[in-house]
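Report on the structure
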Amino acid sequence: MMQYHGTTSLHEIFGDLVILRNLQPFDRRLPGLADAWQAMGLDSPAIPRKHEPEYAKASVWFVTQARALDLPATPVRELLFIGDTAMADGNAFRNLARAGGWPGWCFIGAEKLSAPASLVAEADNVSLANRWALLADWLAAAKGAGARLDEQTAVVVDMDKTAIAARGRNAHVIDNARVEGLHRTAAGLLGDAFDLARVQAAHNELKEPVYHPFTADNQDYLAYICLAVSAGLIDLPVLVEQVKTGQMRSFEQFIAWADGVLDPRRSTSPEQSNVSHDLAGLQAIHREVYPLTLAGDPTPFKAFRRQEYRCTVERFGCLPEDAPVEQMLAEQVCVTQEVRETALWLKRRGCLLLTMSDKPDEATLPSSALAAQGYLPLHRTASAAVGVSVAGQLADL
Ligand SMILES: [Mg+2]
């Protein structure tokens, strides 16, 4: 039965073994990518994307080093991976298992209560489940197949929509937080020129997969484009037409074009000067985003990400303990109880646990001003744990 299981934070499970998009662990005993890229076997300190082999190399290094922090003489011999997306997490698992030379088992959860419960094993020991509670069955199957589940086991848990905001159950809450972060960023930058309906229309259209070649499915790029449309730099139907006809092919092309329009040194005609005046808010953000984009920063829109943090953390622990479970799942970022129980069970057996997130620092940590007001990183912020208890099944394993 779906229930509230008290208040907790990810820190209970993972401590500070939390690794974000920039591959800089919270646990300061572990050096990050910027300092250790050579030791990781990488060619440069550039931040690799999740699907790239360099990301797996860095992850192997983190897993090995994290184990050595408390058990220096214990090698990692196998991998468990828990995530929510068959493609991204499944492939991250395959790459990591291959790069580490580890046998492994991967669980991909996405709740779908309208269908009968199913746990399907695919290629390479990747199992797809439509109930998070099937974690217990998955673990039993791994054990039956010879998994040791001990000090030599590393357990990597995806953070977003897995450890928190379970996919199929609670994930829309972090999506809503991001969209609200975009709205607040736009409102703050554009002032009187802010038009919520225009931002929403642009976001609803351009978030669709058909535009991924243009947006690279990158939330920062999407946010910048929506802001540009909202500010009146370009009309949405015109942009859509340009993308569909192949005239506008990539975000890099878009922002380079925007730079030409927004750069006041090039706005010599009176008409263009007018445009520049209306676009002052966009210009301010462009001066931050454009150089970072050119420098290859995958999350260049820092102001947007800081608002995303704010809107996300406001959804942690925001309801009273006696709120109905349905309301908690609808309005609050909840810790996934099935993942929590499974992870803590593995931890008691001595397994190494760490969690990884695609979010950049700005979306995960408070700014120094907010930290001074008592705001905490997301993994240390308390919220409700909600889910179907699997403790009884785990006790029988
Ligand atoms: Mg995820």
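For clarity, every value in this text was computed on a predicted model and none was experimentally measured. (Residues numbered from 1 in each chain as written. Predicted model: local features only at pLDDT ≥ 70, side-chain atom pairs only at ≥ 80, totals over all residues. Heavy atoms only, no water.)

**Brief notes about the overall build of the chain**
- Within the chain, the regular secondary structure consists of 18 helices and 10 strands.
- With the C-alpha coordinates aligned to their principal axes, the bounding extent of the chain is approximately 75 × 50 × 45 Å.
- Relative to its full complement of 397 residues, the chain shows a buried share of 53%.
- Considering only contacts in the chain between residues 6 or more positions apart, those separated by 24 or more positions represent 72%.
- Approximately 17,000 Å² of the chain is accessible, and the part contributed by carbon and sulfur atoms is 52%.
- When the 37 positive and 48 negative side-chain charges of the chain are each reduced to one mean point, those points stand 3 Å apart. (Helix = DSSP H or I, 4+ residues; strand = E, 2+ residues; numbered from the N terminus. Buried < 20%, exposed > 50% of the residue type's maximum accessible area, 1.4 Å probe, protein only. Contact = heavy atoms within 4.5 Å. Areas by Shrake-Rupley, 256 points an atom, 1.4 Å probe, with all protein chains shown as cover. Lys, Arg positive; Asp, Glu negative; His and termini not counted. Charge placed at Lys NZ, Arg CZ, Asp CG, Glu CD.)

**Focus: the domain arrangement of the chain**
- The domain architecture assigned to the chain consists of domain 1 (2–166 + 334–395) and domain 2 (172–309).
- The centre of domain 1, based on its C-alpha atoms, is set 33 Å off from the matching centre of domain 2.
- Roughly 1,200 Å² of surface becomes buried between domain 1 and domain 2 when both sides are summed, with 65% attributable to carbon and sulfur atoms.
- When the buried surface of domain 1 facing domain 2 is broken down by residue, Lys161, Pro360 and Glu362 rank first, second and third, together holding 39% of it. (Domains from an automatic or database assignment. Buried area = accessible area lost by both parts, 1.4 Å probe.)

**As for helix H11 (residues 251–262)**
- The end-to-end C-alpha distance of H11 is 16 Å, a good match for the 16 Å that 12 residues give at a rise of 1.5 Å each.
- Restricting attention to buried positions, one finds in H11 the residues Phe251, Phe254, Ile255, Ala258, Asp259 and Leu262. Down the axis of H11, the smallest arc covering the buried residues is 140°, so these residues share one side.
- Of the surrounding secondary structure, the elements contacted by the buried residues of H11 are helix H8 (212–215), helix H9 (219–230), helix H10 (236–244) and helix H13 (280–294). (Expected span 1.5 Å × (residues − 1). Arc of directions from axis to C-beta.)

**Some thoughts on the state of the cysteines**
- Inspection of the entire model under this criterion finds zero disulfides.
- Considering cysteine sulfurs only, Cys351 is the nearest to Cys106, which forms no disulfide, with 16 Å between them.
- The exposure class assigned to Cys106 is buried, which follows from its relative accessible area of 0%. (Disulfide = S-S within 2.5 Å.)

**Brief notes about the packing of helix H6 (residues 172–190) against H9**
- Where H6 meets H9, the axes come as close as 10 Å, and the angle between the chain directions of the two elements is 40°. What the angle tells us is that H6 and H9 run oblique. Crossing handedness for the pair H6 and H9: right-handed. On H9, the residues that touch Arg178, Leu182, Ala186, Leu189 and Leu190 of H6 are Gln219, Ala223, Cys226, Leu227 and Ser230. (Axes fitted to C-alpha atoms, helices over the stretch in contact; angles between N-to-C directions. Parallel < 35°, antiparallel > 145°, perpendicular 65-115°, else oblique. Left-handed = near helix turned anticlockwise from the far one by under 90°.)

**Re the side chain of His183**
- Relative to the assigned elements, His183 resides in helix H6.
- The exposure class of His183 is buried, given its relative accessible area of 14%.
- With residues up to four places along the chain from it excluded, the contact list for His183 reads Phe194, Leu196, Val199 and Gln200.

**Points about the pairing of strand S7 (residues 153–158)**
- Across the six residues that make up S7, a large majority, six, are buried.
- In this structure, S7 lies alongside strand S9 (residues 352–356), joined through five bridges in parallel fashion. Counted as the bridge partner of Asp158 is Met356 from S9. (Pairing = 2+ DSSP bridges.)

**Quick notes on helix H14 (residues 302–313)**
- Counted at 1.5 Å a residue, the expected span for H14 with its 12 residues is 16 Å, and the 16 Å between its end C-alpha atoms agrees.
- Among the 12 residues that make up H14, nine are buried, leaving the element largely enclosed by the rest of the structure.
- For H14, the complete set of buried residues consists of Lys302, Ala303, Phe304, Arg305, Glu308, Tyr309, Cys311, Thr312 and Val313.
- Residues of H14 that are buried in the fold lie against H6, H9, H13 and helix H17 (368–372).

**Describing the sheet that holds strand S2 (residues 18–19)**
- Here seven strands make up an open sheet; going across it, the order is S2-S9-S7-S3-S4-S6-S5 and the pairing mixed. Of all the strands in the sheet, the pair left with one neighbour each is S2 and strand S5 (119–121).
- Against the sheet, helix H4 (residues 88–100) engages strand S3 (78–83), strand S4 (104–109), strand S6 (126–129) and S7, with an angle of about 170° to S3.

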